[in-house]
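Structural features, examined
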Amino acid sequence: MSRETAAVRVLLVSRDIQTIELLCIHMQKLAMHVETACDVESATRKLCHYKFEGVMIDLELGPEALQLLKKLRELTSHKHAISFAIVGTQVQAGIE
């Protein structure tokens, strides 16, 4: 699926491979284009250059993750973006 045909663009910020794979699979089924960033610095660059309707941030990245959430609110181009915090990376019984 190309970026141009996706109805919703989401930035997923996490280092956890299982979290990334699981969320990408399910978001792509919903016609969402998922961009990933493995650290706050690369996520910030993407937020400055591209428009996202949603941002998911893994809080296991540490204090920088909270700083990124704060910065997201300050960026006028993303003031309407929906923000999600990932608070655990343990995969629970199947999401369907």
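Provided above is the structure to which this section pertains.
Analysis parameters
Residues numbered from 1 in each chain as written. Predicted model: local features only at pLDDT ≥ 70, side-chain atom pairs only at ≥ 80, totals over all residues. Heavy atoms only, no water. Helix = DSSP H or I, 4+ residues; strand = E, 2+ residues; numbered from the N terminus. Buried < 20%, exposed > 50% of the residue type's maximum accessible area, 1.4 Å probe, protein only. Polar contact = N/O pair within 3.5 Å; in protein donor to acceptor, adjacent residues only side chain to side chain. Contact = heavy atoms within 4.5 Å. Pairing = 2+ DSSP bridges. Axes fitted to C-alpha atoms, helices over the stretch in contact; angles between N-to-C directions.

Residue Ala-31 is not a glycine yet carries a positive backbone phi of 65 degrees. In this structure, Ala-31 sits in the loop between helix 1 (17–29) and strand 2 (32–37). Classification of Ala-31 by relative accessible area gives partly exposed; the value is 31%.

This next bit is on the side chain of Ser-14. Considering the arrangement of structural elements, one finds Ser-14 in the loop between strand 1 (8–13) and helix 1. According to the relative accessible area criterion, Ser-14 is buried, its value standing at 1%. Among the polar contacts made by the side chain of Ser-14, one reaches the side chain of Asp-58 at a distance of 2.9 Å. When residues no more than four places from it in sequence are discounted, the contact partners of Ser-14 are Thr-19, Ile-20, Ala-37, Cys-38 and Asp-58.

The 4 strands lie next to each other as 2-1-3-4, forming an open sheet whose pairing is parallel. On the outer flanks of this sheet lie strand 2 and strand 4 (82–86), each paired with one strand and no other. Across the sheet, the mean angle separating the axes of adjacent strands is 20 degrees when strand polarity is ignored. Pairing between strand 1 and strand 3 (residues 54–58): 4 bridges, direction parallel. Its bridge partner being in strand 3, Leu-12 is matched across the sheet by Met-56. Relative to strand 3, helix 3 (residues 63–74) is tilted by about 165 degrees, and along the sheet it contacts strand 1, strand 3 and strand 4.

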